[in-house]
Amino acid sequence: MPEGPALIFISEYSDTRGWQRQLAKYLPEIETRIWPDIGRKEDIVAALVWKHPHGVLRQFPELKVIVNLGAGVNFVLADPELPANVPIVRLVDQGLTRRITEYAVLHTLALHRRIPELAEAQRAAKWRYLHPIDPVECGVGVMGLGNLGTSTLEELGHFGFRRAGWSRTPKSLPGVTCFHGAAGLAPFLSDCNILICLLPGTPATEDLIDGKVLRLLPKGAAFINLGRGSNVVDEDLLAALDDGHIRHAVLDVFRTEPLPSEHAYWRHPKVTITPHNSSATNPGTAAQQVAENIRRVLAGESPFNLVNPLVGY
Ligand code: OXD
């Protein structure tokens with residue numbers, strides 16, 4: 001293997017060959033190595049990771065930057081042996097944002113038009129007329145107003161829903177009623193007929209959506225989780241589904257992934273499960289940004305989209 005600066009690509013799911021092709025295009029001066037073929041450890045100046053095995057990043061003495069290949073950085077930060085003082089950057093990828101937005105809109109519309117109830121009626125060969133409701137009668141709320149939450153709310157605006165957003169710190173978005181902090185939670189939830197969680201996985205958001213929060217939603221509300229499984233207390237969500245307070249949940253993220261086959265969500269009639277595939281980073285749209293960030297770090301400049309490990313995003 002030739003010597004020279006190299007990056008190591010460590011990912012459980014990503015399109016490895018696609019990344020290799022795109023990085024060769026945008027970062028031809030740096031060789032891409034694919035885990036576990038690391039070659040000379042001293043050559044590695046950048047690591048591109050998604051759900052990497054903990055402890056492995058410590059072995060690269062020249063590592064200058066860790067690039068997280070997804071939107072949420074909790075999997076990286078969960079590594080107790082992260083090398084100290086190596087900046088972590090996250091992706092803000094147009095392709096990923098579009099896919100998440102598409103998923104959020106798809107399921108919001110399906111819930112608004114009562115597709116899960118109609119599908120259940122069809123399975124029972126039952127003609128169950130459910131009158132379509134005007135979107136203006138339906139409040140949709142998004143928790144987490146970063147790029148993904150903002151894009152989702154913008155897109156939902158085209159359908160005429162009443163829109164609200166909740167975030168840790170104050171935000172303002174055109175046409176959206178924004179709430180923030182602990183004090184803003186109850187008023188935000190009170191008008192969410194459909195709640196979409198796009199929160200990061202941080203200590204502050206762990207178990208945030210518990211029975212108390214779910215019961216602040218109007219009775220019969222629906223829930224979509226695109227944030228992290230750790231945002232939700234599963235037992236409380238199951239109880240709220242069982243007693244009808246929540247009419248349906250669409251879940252793409254889970255505390256344990258893959259979701260264990262014995263988990264109650266799998267067979268719950270009011271739960272739709274997707275395997276954390278609401279979105280994925282697309283090398284075609286993200287590689288240029290990754291290459292630029294690596295170049296900046298190697299030139300001693302500060303990178304874009306730097307993660308603050310203390311807040312967790
Ligand atoms: C995520 C992702 O962070 O899929 O969940 O990018």
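Residues numbered from 1 in each chain as written. Predicted model: local features only at pLDDT ≥ 70, side-chain atom pairs only at ≥ 80, totals over all residues. Heavy atoms only, no water.

Engineer: Please give an account of the state of the cysteines that cites residues and values.
Structural biologist: In this structure the tally under the stated criterion is 0 disulfides. Unpaired in terms of disulfides, Cys 178 finds its nearest cysteine sulfur in Cys 192, a separation of 12 Å. What makes Cys 178 partly exposed here is its relative accessible area of 24%. Summary of cysteine pairing: Cys 197 is not part of a disulfide, and the nearest cysteine sulfur, belonging to Cys 192, is at 12 Å. (Disulfide = S-S within 2.5 Å. Buried < 20%, exposed > 50% of the residue type's maximum accessible area, 1.4 Å probe, protein only.)

Engineer: Account for the side chain of Thr 101, naming residues and giving values.
Structural biologist: For Thr 101, the position within the fold is in helix H3 (residues 94-112). In contact with Thr 101, other than residues within four places in its own chain, are Ser 151, Thr 152 and Glu 155. (Helix = DSSP H or I, 4+ residues; strand = E, 2+ residues; numbered from the N terminus. Contact = heavy atoms within 4.5 Å.)

Engineer: Tell me what's going on with the packing of H3 against helix H5 (residues 147-156), and back it up with residues and numbers.
Structural biologist: Remark: H3 packs on H5, axes separated minimally by 9 Å, with the N-to-C direction vectors making an angle of 50 degrees. In this view, H3 runs oblique relative to H5, as classed from their interaxial angle. Crossing of H3 over H5 shows right-handed handedness. Together, Leu 96, Thr 97, Arg 98, Ile 100, Thr 101, Ala 104, Val 105 and Thr 108 of H3 and Asn 147, Leu 148, Ser 151, Thr 152, Glu 155 and Leu 156 of H5 make up the contact between the two elements. (Axes fitted to C-alpha atoms, helices over the stretch in contact; angles between N-to-C directions. Parallel < 35°, antiparallel > 145°, perpendicular 65-115°, else oblique. Left-handed = near helix turned anticlockwise from the far one by under 90°.)

Engineer: If you had to explain the packing of aromatic side chains to someone new, which residues and values would you point to?
Structural biologist: Taken as a whole, this structure holds 5 aromatic pairs when the rule is applied. On the basis of an interplanar angle of 45 degrees and a centroid distance of 6.1 Å, the ring pair of Phe 9 and Trp 19 is categorised as tilted. Pair noted here: Phe 9 is in strand S1 (residues 6-11) and Trp 19 is in helix H1 (residues 16-26), with a separation of 10 residues, a long-range link. Here Phe 9 and Trp 19 have matching classes, each one buried. Pairing Trp 50 with Phe 75 gives two aromatic rings, centres 5.3 Å apart and planes at 85 degrees, and the pair type is edge-to-face. In this pair, Trp 50 is assigned in strand S3 (residues 44-50) and Phe 75 in helix H2 (residues 74-77), connecting sequence segments 25 residues apart. Classification of Trp 50 by relative accessible area gives buried; the value is 10%. By relative accessible area, which is 22% here, Phe 75 ends up partly exposed. Across from the ring centre of Phe 75, 4.5 Å away, lies the NZ or CZ of Lys 51, which sits over that ring. (Phe/Tyr/Trp six-rings, centres within 6.5 Å; stacked < 30°, edge-to-face > 60°. Lys NZ or Arg CZ within 6 Å of the ring centre and 35° of its normal.)

Honestly, that's just the spatial picture; any functional story needs more than this.
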